[in-house]
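Structural characterization, general
Read off the chains here:
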Amino acid sequence: MSRLTLKTEGDTQVLVTRRFAAPPEAVYRAHTDPNLIQKWLLGPEGWPMPVCVNDAKPGGKIHYEWTNGKGAGFHLTGEYLQLTPYSRIVHVERMHLPDPTPDNHVETSFEADGTGTLMTMQMTLPDAQTRAAMLATGMEHGMETRYARLEGLL
């Protein structure tokens, strides 16, 4: 059963929430430490992440690459705008499939919730068409698969 909830707001936003049985410091670290990211933020089945650049500071770059080991691959680039250790990350990202998608502005918060963490991610896309295309990829299932993997690491 998925522990992730995804809903749309307005014409351009997607709101994702998920609870983790770990403190905010651990969940935040898993979103900013390249060694941890490479263990849970994998692509589709059989698509590891051999390249993970994550310079978690304002202005820092993000660059992830996934490959199937048979010559196919895709990547993500981005930049950090704001970071408040253990509680909030704001960044911009774009997928390259191979052409870049429009910028996705992402604000993620990590709040103590009992003995765990409530993570809330608000994505803002440039228009309704871009949001619809992103949602059509089946991203909710892929996100939950990755977050379940993260939960196992925490």
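Now for a description of the structure that goes with this document.

Thresholds applied
Residues numbered from 1 in each chain as written. Predicted model: local features only at pLDDT ≥ 70, side-chain atom pairs only at ≥ 80, totals over all residues. Heavy atoms only, no water. Salt bridge = Lys/Arg side-chain N within 4 Å of Asp/Glu carboxyl O. Helix = DSSP H or I, 4+ residues; strand = E, 2+ residues; numbered from the N terminus. Buried < 20%, exposed > 50% of the residue type's maximum accessible area, 1.4 Å probe, protein only. 1 Å grid on protein atoms, 1.4 Å probe; cavity = no way out; pocket = protein on both sides within 12 Å on 5 of 7 lines; lining within 4 Å. Points joined across faces, edges and corners; volume = space filled by probe spheres on them. Nonpolar A, V, L, I, M, F, W, Y, C, P; charged D, E, K, R; others polar. Pairing = 2+ DSSP bridges. Axes fitted to C-alpha atoms, helices over the stretch in contact; angles between N-to-C directions. Contact = heavy atoms within 4.5 Å.

The next point concerns the pattern of salt bridges. By the definition in use, this model includes eight salt bridges. Residues R3 and E151 are paired through a salt bridge, measuring 3.2 Å at the closest nitrogen-oxygen approach. Separated by 148 residues along the polypeptide, R3 in the segment before β1 (4-9) and E151 in helix α4 (residues 139-153) bring together distant segments of the chain. Given the relative accessible area of 17%, E151 is considered buried. In this structure, R18 engages E151 in a salt bridge whose closest nitrogen and oxygen atoms are separated by 2.9 Å. One end of the pair, R18, is in strand β2 (residues 13-20); the other, E151, is in helix α4, with 133 residues separating them in the sequence. Owing to a relative accessible area of 3%, R18 belongs among the buried residues under this scheme.

Here the focus is helix α1 (residues 24-32). Think of an α-helix as turning once every 3.6 residues; residues three or four places apart then point the same way. Of all nine residues in α1, seven are buried, a share of seventy percent or more. Residues of α1 that are buried include every one of P24, A26, V27, Y28, A30, H31 and T32, and no others.

What follows deals with the layout of surface pockets. Approximately 1,100 Å³ is the volume attributed to the largest pocket. Lining the largest pocket are 38 residues, with L76, E93, M95, M139 and M143 positioned closest to its centre. For the lining of the largest pocket, the elements supplying multiple residues, two or more each, are α2 (34-40), β4 (61-67), β5 (73-84), β6 (88-96), β7 (104-113), β8 (116-124), α3 (128-135) and α4. The class makeup of the residues in the lining of the largest pocket is 25 nonpolar, 10 polar and three charged.

The subject of this paragraph is unusual backbone geometry. Here L97 and P98 are connected by a cis peptide whose omega angle stands at 10 degrees. Within the element layout of this structure, P98 appears in the loop between β6 and β7. With a phi angle near 70 degrees, Y86 is a residue other than glycine that sits in the positive phi range. Assignment of secondary structure puts Y86 in the loop between β5 and β6.

Turning our eyes to something else, we now look at the sheet that holds β8. Pairing is antiparallel in the open sheet, where eight strands are placed in the order β1-β2-β8-β7-β6-β5-β4-β3. Each edge of the sheet is formed by a strand with only one pairing partner; in this case those strands are β1 and β3 (51-54). Averaged over all pairs of adjacent strands, the angle between strand axes in this sheet comes to 20 degrees, irrespective of strand direction. Sheet topology places β5 next to β6; nine bridges connect them, and they run antiparallel. Paired with G78 across the strands is E93, a residue of β6. The strands that α1 touches are β2, β3, β5, β6, β7 and β8; relative to β7, the one it contacts most, it runs at about 155 degrees.

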